[in-house]
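Residue-level structural notes
Next come the chains, spelled out residue by residue.
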Amino acid sequence: QVQLVESGGGLVQPGGSLRLSCAASGTIFINTMGWYRHSPGKEREWVAFITSGGKTNYAESVKGRFTISRDTAKKEVYLQMNSLKPEDTAVYYCKVDGWVNMKSFASWGQGTQVTISS
């Protein structure tokens, strides 16, 4: 099973910044890496993804404020979040899909809380 470990959440004031990290372990080939978030009372929302070729895409709500990047050699994905708003408050999850032992997989991180409040 592919393990994902997230870090970097916390409490920041509106307008502040945070950087989330997600590290995958194991002998795996990673395809797409992405971030989702879940706020109380809302559906889980896709935030951003990055492909193995480096193509990125963002939800409209975060475009221009968030930047996703990856270090393929380290099997890590990052989410730089700037100009944070209270509505960005959520538990953020990374998701990674790829292949391990010639079988496809999709794994989720444990989630990290991001709270934007003054």
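Residues numbered from 1 in each chain as written. Predicted model: local features only at pLDDT ≥ 70, side-chain atom pairs only at ≥ 80, totals over all residues. Heavy atoms only, no water.

**Notes on the pairing of strand β11 (residues 112–116)**
Spelled out, the test is: Only protein chains enter the accessibility calculation, which uses a 1.4 Å probe; a residue whose area is less than 20% of its type maximum is buried, one above 50% is exposed, and one in between is partly exposed. Numbering of helices and strands runs from the N terminus; a helix is a DSSP stretch of H or I covering at least four residues, while a strand is a stretch of E covering at least two. Paired strands, in this sense, are two strands between which DSSP finds at least two bridges.
Alternating residues of β11 divide into Thr112, Val114 and Ile116, all buried, and Gln113 and Thr115, none buried. Here 3 bridges tie strand β2 (residues 10–12) to β11, and the two strands are oriented parallel to one another. Bridge assignment links Val12 to a residue of β11, and that residue is Ile116. Taken together, the 3 bridges between strand β9 (residues 90–100) and β11 define a ladder with antiparallel strand orientation.

**Side note on the side chain of Ser39**
For clarity, the threshold we go by: Any N or O atom pair separated by 3.5 Å or less is treated as a polar contact, with the protein-specific requirement of one donor-capable and one acceptor-capable atom, and with residues adjacent in sequence counted only for side-chain atom pairs. When checking whether two residues touch, look at their non-hydrogen atoms; a contact exists if any pair is within 4.5 Å.
When you line up the elements, Ser39 lands in the loop between β4 (29–38) and β5 (45–50). Owing to a relative accessible area of 11%, Ser39 belongs among the buried residues under this scheme. Reaching out from Ser39, the side chain makes a polar contact with the backbone oxygen of Thr89 at a distance of 2.9 Å. Leave out the neighbours within four places in its chain, and Ser39 touches Thr89 and Ala90.

**Comments concerning the sheet that holds strand β8 (residues 76–81)**
Applicable threshold: What counts as an axis is a line fitted to C-alpha atoms, over the stretch in contact for a helix, and the angles between N-to-C directions run from 0 to 180 degrees.
Ordered by their spatial adjacency, 4 strands build an open sheet running β1-β3-β8-β7, and the pairing between neighbours is antiparallel. Each edge of the open sheet is held by one strand with a lone partner, namely β1 (4–7) and β7 (66–71). Across this sheet, the average inter-strand angle for adjacent strands is 15 degrees, counted without regard to direction. As judged from the 6 bridges shared by strand β3 (residues 18–24) and β8, these two strands associate in the antiparallel manner. Bridging from a neighbouring strand, Ala23 pairs with Glu76 of β8.

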